[in-house]
Amino acid sequence: MKDTAIQVKGLQKSYKQLHVLKGVDFEVEKGNIFALLGSNGAGKTTVVKILTTLLKQDSGTATVNGFDVATKPDNVRQAISLTGQFAAVDEILTGRENLIMIAKLRYLKNPRQVADDLLKRFGLTDAAERKVSTYSGGMRRRLDIALSLVGKPHIIFLDEPTTGLDPEARIEVWKIIKELADGGTTVLLTTQYLEEAEQLADRIAILHEGRIIASGTLAELKKLFPSAKVEYVEKQPSLEEIFLAIIGKKEAK
Ligand SMILES: Nc1ncnc2c1ncn2[C@@H]1O[C@H](COP(=O)(O)OP(=O)(O)OP(=O)(O)O)[C@@H](O)[C@H]1O
Ligand SMILES: [Mg+2]
């Protein structure tokens, strides 16, 4: 039997007149990467906020790590972390200080060690003593994700983890996300980049007009569309491939 990390059934949410979620259903298996796609305003962040106990649904149920988000929010919080759509790092602290602060807030035994390990893993050791206000967008994002890994949560929520990053930084974040899932962490991410979902996700769900209108593996989603007629043309590289070739970086594995 498969292990379910997240289960969502008939989730509904309105903001006053605006009926954003009209009955959202999906499941995420433990250790999987699940991508929630949808255009601006589709309700992705709303789903994430409900699952991370920041917002209450109007109806329907959601369980995270086996706990109901509405009735057992404390248990849910202990199992998860959230990297929001907008970075939550403290600008006036250094990278290391940010990590130590969170490790202390989570009552970890050796906050300095935890901070140093994460700095190393995210390639931020050289920048560790600099104030975050001097970091680039990619460095901030990496620190932001590092902060969410303090205390080794079972399930991590990443709301648009690579929005605003250059292709190189994006591939770095993808690599980190893959490593997390390989280590058994369950990842729910939202994205507007279809390629991101293609590269990373075990399963993909498309949120549209308040419901999940399609979901499955990439292969399953591809089957929903008739395959294109085979034509013998040279394959043109994508702009991303060209960009990466020019700056000499390899594709993420
Ligand atoms: N607190 C709020 N009060 C009123 N309306 C809200 C509130 N939060 C979100 N909305 C509206 O609900 C809809 C869904 O918002 P949400 O942030 O969940 O979308 P999203 O899919 O995350 O979009 P984006 O891709 O832009 O991040 C939008 O129309 C938004 O304007
Ligand atoms: Mg959003």
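Not measured: the values here are computed from a predicted model.

Caption draft 1: Representation of the packing of helix H3 (residues 95–105) against helix H4 (residues 111–121) within the structure. Running from N to C, H3 and H4 cross one another at 130°; their axes reach a closest spacing of 8 Å. The orientation of H3 relative to H4 falls into the category oblique. Taken as a pair, H3 and H4 cross one another with a handedness that is right-handed. Within the contact between the two elements, H3 uses Gly 95, Arg 96, Leu 99, Ile 100, Ala 103 and Lys 104 and H4 uses Pro 111, Arg 112, Val 114, Ala 115, Asp 116, Leu 118 and Leu 119. Of the residues that constitute the contact of H3 with H4, the class distribution is eight nonpolar, one polar and four charged.

Caption draft 2: View of the nonpolar core. Counting 44 residues, the largest nonpolar core has Leu 99, Phe 122, Leu 143, Ile 177, Val 187 and Leu 189 as its most contacted members. The set of elements that each furnish at least two residues to this core consists of strand E3 (33–37), H3, H4, helix H5 (137–149), strand E7 (155–159), helix H6 (167–182), strand E8 (186–191) and helix H7 (194–200). Ranked by the residues each element gives to this core, the list is headed by H6, at eight residues. Not counting residues within four places of it along the chain, the set of residues in contact with Ile 177 comprises Ile 33, Leu 158, Pro 161, Val 187, Leu 189 and Leu 200. Within the second largest apolar cluster, 28 residues are counted, among which are Val 20, Val 24, Phe 34 and Ile 212.

Caption draft 3: Layout of the packing of aromatic side chains. The full count for this structure, using the stated rule, is one aromatic pair. Seen from the ring of Tyr 193, Arg 170 lies directly overhead, with NZ or CZ sitting 4.0 Å from the centre.

Caption draft 4: Broad picture of the sheet that holds strand E9 (residues 203–208). Overall, mixed pairing links the six strands, which are arranged E6-E7-E8-E3-E9-E10 in an open sheet. Each edge of the open sheet is held by one strand with a lone partner, namely strand E6 (80–83) and strand E10 (211–216). Across the sheet, the axes of successive neighbouring strands diverge by a mean angle of 15°, strand direction being ignored. Sheet topology places E3 next to E8; five bridges connect them, and they run parallel. Of the residues in E8, the one forming a bridge with Ala 35 is Leu 189. The sheet contacts of H5 involve E6 and E7, and relative to E6 the element is tilted by about 165°.

Reading the values: rules and limits
Residues numbered from 1 in each chain as written. Chains lettered and ligands numbered in written order. Predicted model: local features only at pLDDT ≥ 70, side-chain atom pairs only at ≥ 80, totals over all residues. Heavy atoms only, no water. Axes fitted to C-alpha atoms, helices over the stretch in contact; angles between N-to-C directions. Helix = DSSP H or I, 4+ residues; strand = E, 2+ residues; numbered from the N terminus. Parallel < 35°, antiparallel > 145°, perpendicular 65-115°, else oblique. Left-handed = near helix turned anticlockwise from the far one by under 90°. Contact = heavy atoms within 4.5 Å. Nonpolar A, V, L, I, M, F, W, Y, C, P; charged D, E, K, R; others polar. Core = buried A, V, L, I, M, F, W, Y, C linked by side-chain atoms within 4.5 Å. Buried < 20%, exposed > 50% of the residue type's maximum accessible area, 1.4 Å probe, protein only. Phe/Tyr/Trp six-rings, centres within 6.5 Å; stacked < 30°, edge-to-face > 60°. Lys NZ or Arg CZ within 6 Å of the ring centre and 35° of its normal. Pairing = 2+ DSSP bridges.

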